[in-house]
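Observations on chain architecture
So you can see what is in the structure, the chains are spelled out below.
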Amino acid sequence: MEHRSKSMRDVVGILQRRKLPMLLVAISIAFAGVTLAFVLPASYRSTATILIEEQEIPSDIVRSAITTYADQRIETIKQQIMTRSTLWRIVEQYGLYSSLRKNSPTEEVLARFTKDIRVDVINAKVIDKRTQSATQATIAFTLAYDGESPDITQKVANELTSLFLGENLKSRERHANETTAFLKRESEQL
């Protein structure tokens with residue numbers, strides 16, 4: 001058997017002979033894509049990116065009252081915010097999932113709401129000031145909500161962002177008050 005290499009003329013000949021089947025496949029795929037775009041409901045995503053800043057006072061002068069890692073703090077705040085009562089208040093306040101609320105129990109509505117909320121951390125390589133070596137650190141996190149209406153989706157994402165920032169502020173205040181109380185007790189003993 002003799003192997004002969006295909007020339008450009010052979011390839012063009014194959015394409016001309018197979019023109020109709022290829023055209024039918026391309027039209028079918030295009031039609032399926034357009035149909036799918038019109039049949040599926042619109043979905044919108046609103047995302048907030050929250051930067052995690054270092055304390056402004058150098059740590060050699062005053063040690064931070066917050067000693068946990070950013071990932072742990074984000075997860076802790078997420079657990080404090082994603083309570084049943086807080087989520088249900090948001091669902092009712094913005095009228096989310098109205099058709100699902102008519103036919104399904106509260107737990108199913110809350111499960112859907114929780115599924116539509118995403119919290120993702122953003123990591124980057126940074127130089128550790130103490131060891132002067134490159135290390136992976138969480139520098140920010142994104143909070144996203146997927147919804148069916150652009151206005152409501154943005155409002156819900158803003159509400160969730162405000163809750164995250166408010167809970168972080170309360171947590172930092174609580175830690176600062178505990179540190180202040182401890183330092184007062186220590187100074188009184190001295």
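The coordinates are above.
Everything in this summary refers to the structure shown in the same document. (Residues numbered from 1 in each chain as written. Predicted model: local features only at pLDDT ≥ 70, side-chain atom pairs only at ≥ 80, totals over all residues. Heavy atoms only, no water.)

A closer look at the overall build of the chain
Per the secondary structure count, the chain includes 7 helices and 3 strands. In sequence order, the chain lays out its α and β elements as α-α-β-α-α-α-α-β-β-α. Of the contacts made within the chain by residues no fewer than 6 positions apart, 59% connect residues no fewer than 24 positions apart. Carbon together with sulfur atoms contributes 56% to the accessible area of the chain, which is approximately 14700 Å² in total. (Helix = DSSP H or I, 4+ residues; strand = E, 2+ residues; numbered from the N terminus. Contact = heavy atoms within 4.5 Å. Areas by Shrake-Rupley, 256 points an atom, 1.4 Å probe, with all protein chains shown as cover.)

Comments concerning the sheet that holds strand β1 (residues 44-51)
If you trace the 3 strands from one edge of the open sheet to the other, you get β1-β3-β2, paired in antiparallel fashion. The sheet terminates laterally at β1 and β2 (117-127), the two strands that pair on one side only. Within this sheet the neighbouring strands show an average axis-to-axis angle of 25°, counted without direction. By the bridge criterion, 8 bridges tie β1 to strand β3 (residues 134-147) in an arrangement that is antiparallel. (Pairing = 2+ DSSP bridges. Axes fitted to C-alpha atoms, helices over the stretch in contact; angles between N-to-C directions.)

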